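Tertiary structure, described
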Amino acid sequence: MGKVDINKKIKENSLLKTAFEFFTTKGFSKTSITDIVNKAGVAKGTFYLYFKDKYDIRNKLVSHKSSQLFKNALSDLGSKLEELPFEEKIISIIDNILNQLSENQSLLTFISKNLSWGIFKNAITSPVSEDDIDFSSVYNKMLEDAPKGIKDPEIMLFMIIELVSSTCYSAILYNEPCTLKVLKPYLYNSIKLIISQHLGSGK
């Protein structure tokens, strides 16, 4: 990577970092592009070299932060993940991510408010940063290792993501209807049921 490319990357990362700080403290609707560029120390025109508008930088941030969560989970779990059955791999990754979000509630709030299925699909297939993990390759490898094949894997993943995000948000932030610790066994049993519906029919 040449000096020009390095400088471009530094500016882009600065804009992403600054936008995230504003979105998680001031709020997305109350943050302007002017706020972001002024604090990042770049010209307003520079912003548009990297992002179409405020929604674009928000979506890329959601993708980037989601990818970081997966990357951290895979790093923490390491080689022991390879030894686990398919459903236990999924649950182990989710468990790790939930623990990360419990320790970073501003990130949980930001992702939960802005994550859509389309953004999530983009996150796992189109890394925003060189440091982001290509989760699609990891997920596809997990599908290949599943013992009986998976029917409609995208539907399966969609249902699991929706279940986890909708039930854990209140549990982590407000302990409603119970703490995350109490919720987890019920959540993981439900995930196993979802996976069981998609196992065994082949592709």
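The coordinates are above.
Quick caveat: nothing in here was measured; it's all calculated off a predicted structure.

**As for the pattern of salt bridges**
A full pass over the atoms with the stated rule returns six salt bridges. A salt bridge links K192 to E88; the shortest N-O distance between them is 3.6 Å. Separated by 104 residues along the polypeptide, K192 in helix α10 (residues 180–198) and E88 in helix α5 (residues 86–103) bring together distant segments of the chain. The class of K192 is partly exposed, set by a relative accessible area of 28%.

**What about unusual backbone geometry?**
The step from E176 to P177 runs through a cis peptide bond, and the omega angle for that step is -5°. Inspection of the secondary structure puts P177 in the loop between α9 (153–174) and α10. With a phi angle near 50°, D152 is a residue other than glycine that sits in the positive phi range. Tracing the backbone shows D152 in the loop between α8 (135–145) and α9.

**Overview of the packing of aromatic side chains**
Evaluation of the coordinates by the stated rule reveals eight aromatic pairs. With centroids separated by 6.5 Å and ring planes inclined at 75°, the aromatic side chains of Y169 and Y174 adopt a geometry described as edge-to-face. Under the relative-accessibility criterion, Y169 is labelled partly exposed at 21%. On the basis of relative accessibility, which here comes to 52%, the residue Y174 falls in the exposed class. These aromatic residues form a ring-pair network of at least three members: F20, F23, F28, Y55 and F110. Here the guanidinium or amino end of R58 rests over the ring plane of F28, the centre of that ring lying 4.8 Å away.

Conventions used here
- Residues numbered from 1 in each chain as written.
- Predicted model: local features only at pLDDT ≥ 70, side-chain atom pairs only at ≥ 80, totals over all residues.
- Heavy atoms only, no water.
- Salt bridge = Lys/Arg side-chain N within 4 Å of Asp/Glu carboxyl O.
- Helix = DSSP H or I, 4+ residues; strand = E, 2+ residues; numbered from the N terminus.
- Buried < 20%, exposed > 50% of the residue type's maximum accessible area, 1.4 Å probe, protein only.
- Phe/Tyr/Trp six-rings, centres within 6.5 Å; stacked < 30°, edge-to-face > 60°.
- Lys NZ or Arg CZ within 6 Å of the ring centre and 35° of its normal.

Everything listed here is a matter of coordinates, which is why it stays silent on function.
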